[in-house]
Structure formats: C-alpha cells, structure tokens
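The residues making up each chain are set out below.
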Amino acid sequence: MILHLTVNGKNVETQISPEQTLLSVIRGNLKMTGTKIGCMVGECGACTVILNGKAVKSCVVNAAQCEGMEVRTVEGLANGEELHPLQQAFIDHNAVQCGYCTSGFLMTAVAFLEQNPNPSRDEIKKAISGNLCRCTGYIQIEEAIEGYIAERDKPKEVPDNETKENAAEETVEAAAS
Amino acid sequence: MSDFDFISVNTIDEALDVLARPQKVTVLSGGTDVMLRIHDGRLEPSLLLDVSRIEELKGIKEKDGFIEIGAATTINEIGASELIKDNAYALYEAADVFADPNTRNRATIGGNITNASPGADGAPALFALDGEVLIKKKGGERRIPVTDYIIGSYKTVLEPDELVASIRFKPCKNSAFIKIGLRKAMAISVETVAVALFLDENKIITDCRVAFGALGPSTLRARNTEKVFVGYTPNEETFAKAQEVIAMDIKPRDGLRGSREYRFSTAHVIMERALIKAYEK
C-alpha cells in the first residue's frame, strides 16, 4: 500500500506494508536516520517523533494509520546550518554524551513546549519521563530545556546580526571542548 | 510477517461490517500493545482494522446521568478532562501515572481494558466506579459490567465480531487511585488500588467499592473488604476490621515486581491511604 505523509513540511509518498511501524518507514523507506531505534517496545523514547502535533513513540505506531498525517523528526528542527535553539541549548548545557537518546528528547521537549511554553522543573521532569538517557543523568537535559526557555525569554537588546555571531562562536567552542 | 491486510474505517457501522467477516480481524487504535504483540508473534491477525479515525468512538460526555467515554479516547484526553477530574478522580489519577506522557498520546481506554493486562492502570478505577462496557456487533449490542468484561490475564468476553464502543459510569465525587511502581514512568504496576465512595449528608459511607490491580491474573474487586466500610467512615476500627477480611478478597501472586508477602502486606496500606484520600476529597 502507498502511504502519504508530510514529513518536516515536505509531502512524501512511499510503498509500505501493513505491519510496518512509523519508525521503520522513517528510517527504512525515507532513509532519515536521525530518529533512533532503541528498545522497539515503546519503553525508551529514542524513536520519539511528533505526529500531528503530539510526541509519540514511533516504534509502536502503525505506519498505515498515519495516512495523510504530519510528521516532524529531528531533521526538521535546524534551519539549514543554524541549529534550533533547543538543540543549541542541549550543546551549551552538556545535555548530550553519547547522543543516542538526544533526538528523542528533543522531539519530546519541542512538542511539550508547544503545549506548555513556561513549565516548572517538575513539569519538565514529567514531560521527559518516558525518554531514557543512560549517560547524562537527566539533570543536564532539564537544565538545557530551562536554559532554552531563559534564552527565548531574554529581552532582545543587541541587534540581530550580533546575536547570531555570538551564537556561532559558542557553537564552535562547544564543539571544540 | 506481513501476511495480513489493513483497513481503516470512519464509522462504527463500517467497523462492525468488517468484524463480521470470517477472518481473524484485530482491532487497532493506539497500537501501543497491538503493535508489540504483532511484532513478537503473539498476535497473528489476517486483517488489521484501524478504528482510530472513528469520531463516534472518541470523547467524554455526560449522558443519561452517566459519564461516557468513547473506547478510542486516549489516556491523555482522559487526564485532561475536567469532567473526569470532577466525577472520576480515581481515573484522572490513573491517567496521570499511566505509562508515560507520550504513550498516553496514543494508548486508549478501550485498548487498556481489552488488552486486559493484569497490571492495566485504567482498569482498577473503572472497576471501582462500577463501569459498564458497551459492546457492539453487526445487528446488536450489549452492555456489561467491566468486572464481567475482564475475566482473566489478557482475557475478556469480547467475541471476534464485537467492538467495544464506550465505557460509562455514574459520577462519583469521592474516588482515588494509588499505584506502587518501581519507577515513576513506564513502570508496570507492582500493585494499584482504586476506591470509590458515596457519602450521605453526615459523611457516612453509603456505598464503597475497592478494586486492586496487578495482584493476580486480573483486576479484581475486594467485595468483602469494601462492605466493611458501608455505614461507617474510614477509621482505625474499620481499617482493623478490613484487615481481617481482606484475605478473602486478595490472593496476591509472586512475581518479578513484588513477592506475594510484599503485595499482601502493602495492599491494605495503600487501600487505607486511598480510602482516606477519597473520603477527604
């Protein structure tokens, strides 16, 4: 059967079989490997994508059910070479170690912040409770999400081009460290 | 593995037509259990019937003095419903600790009771609320207590040509749910308790229902224990009396997540806490 999806704003169609998961369509059919295979039983959250505005574990979503739906994956977060500010915050707050769980955490956090733009620390903890990270221990991830919110809400005093330069420098530093 | 077909329908009637076919049809909504069971081979459908687009199966409403929840309503929709929070606090609390927030975006209440896992977190609240399941098939329907719907570990009385349409219960202002899990998210329950109380104007209990999850092969009602509280309040005396009869109701099993002894000794404790919480609401 043919499945039609909008993936990160682009219309795609692909041949699938009825037992396929959304995860296997994203990685296998569409060759987008930013979404990770983890437990394959809906426990770990490495495969989290946003389906019609809601974060879901794509390893337990039947792909055929998604006909006509809108899917957002980690590949859709950055704007060209410019990282999504939440991705940048994950780097700035050392919320990434091995990185395997990161795309899942990012998608969970993006969907969550769309619903609840100013959450408490407890609300953040609860929101990411279905995503497992075995390296950083969550604190840095929570700090990254809070850091993103603080950055987002900072009054914009400096001109736009200067902010961008600063951000670029920080990226280089983070990558070098 | 892909020796089956897939069909998506938009109305209950279309779904019932498909279910009436002489084929092994598996109903699929959120998929959080069905997809697992297909992939590990426990479920071998010849046709997967997607009911997630049937609007008639979704939503929460007040009807004929009951709160009615469509079978394909997600756990997050239940957790976000003021109607549920005000009239079925036990179910609201269960929705809040059910799996994790992202699973709750997909998992449905109809799926939870139909999968009928011994540790299903939605079931005890519905048992305590005296929920009734509306089951439809081509040319007919029946309504049965949820306590008669789930009959064992992963076993229900649903016939192959039937579809769960909704679950309803009378509003209850004093209910509560408590879960013991080994961690906060994605924890399969060690044990759960749900309590629903009805009080008279003097705050004396006129009706009491206590349900336990994860203690045995299926969710159960503690019918002897709950009677102890009728005509009284939750207090030291009724708790002591309840402790004497609880062994008639629960025969906890030994398991990975908790021993028989642990489950037996904590069941009474979480029941007391839930009774007080429900009573004081």
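I will try to describe carefully the structure that is included in this document. (Residues numbered from 1 in each chain as written. Chains lettered and ligands numbered in written order. Predicted model: local features only at pLDDT ≥ 70, side-chain atom pairs only at ≥ 80, totals over all residues. Heavy atoms only, no water.)

## Quick look at the overall build of chain A
Across its full length, chain A carries 6 helices and 5 strands. Starting at the N terminus, the α and β elements of chain A follow one another as β-β-α-β-β-β-α-α-α-α-α. With 177 residues in all, chain A has 45% of them scored as buried. When contacts within chain A are restricted to residue pairs at least 6 apart in sequence, those whose partners lie at least 24 apart make up 57%. (Helix = DSSP H or I, 4+ residues; strand = E, 2+ residues; numbered from the N terminus. Buried < 20%, exposed > 50% of the residue type's maximum accessible area, 1.4 Å probe, protein only. Contact = heavy atoms within 4.5 Å.)

## Some details on the interface of chain A and chain B
Quoted interface sizes are often the accessible area lost when the parts come together. Counting residues at the interface gives 31 residues for chain A, matched by 29 residues for chain B. Of the roughly 2200 Å² buried between chain A and chain B on both sides combined, carbon and sulfur atoms contribute 56%. In terms of surface lost to chain B, no three residues of chain A exceed Glu19, Val60 and Gln65 of chain A, which account for 30% of the buried area on that side. For the pair chain A and chain B, the number of links is 2 salt bridges. Residue lysine 57 of chain A pairs with aspartate 100 of chain B through a salt bridge whose shortest N-O separation is 2.9 Å. Where chain A meets chain B, there are 11 residue pairs in polar contact (both at pLDDT 80 or more). For the side of chain A that touches chain B, the elements supplying multiple residues, two or more each, are β3 (48–51), β4 (54–57) and α4 (121–127) of chain A. The element contributing the most residues to the side of chain A that touches chain B is β4 of chain A, with 4 residues. Residues that form the side of chain A that touches chain B fall into these classes: 14 nonpolar, 11 polar and 6 charged. (Buried area = accessible area lost by both parts, 1.4 Å probe. Salt bridge = Lys/Arg side-chain N within 4 Å of Asp/Glu carboxyl O. Polar contact = N/O pair within 3.5 Å; in protein donor to acceptor, adjacent residues only side chain to side chain. Nonpolar A, V, L, I, M, F, W, Y, C, P; charged D, E, K, R; others polar.)

## Overview of the sheet that holds strand β2 (residues 10–15) of chain A
Residue and element names in this part refer to chain A. Strand order in the open sheet formed by 5 strands is β2-β1-β5-β3-β4, and the pairing between neighbours is mixed. On the outer flanks of this sheet lie β2 and β4, each paired with one strand and no other. If you compare each strand with its neighbour and ignore which way they point, the axes differ by 40 degrees on average. Here strand β1 (residues 2–7) pairs with β2 via 6 bridges, running antiparallel. (Pairing = 2+ DSSP bridges. Axes fitted to C-alpha atoms, helices over the stretch in contact; angles between N-to-C directions.)

## Focus: the pairing of strand β6 (residues 132–137) of chain B
Residue and element names in this part refer to chain B. The pairing of β6 with strand β7 (residues 140–145) spans 6 bridges and is antiparallel. Bridge assignment links lysine 137 to a residue of β7, and that residue is glycine 140. In this structure, β6 lies alongside strand β10 (residues 163–169), joined through 5 bridges in antiparallel fashion. Paired with isoleucine 135 across the bridge in β10 is valine 164.

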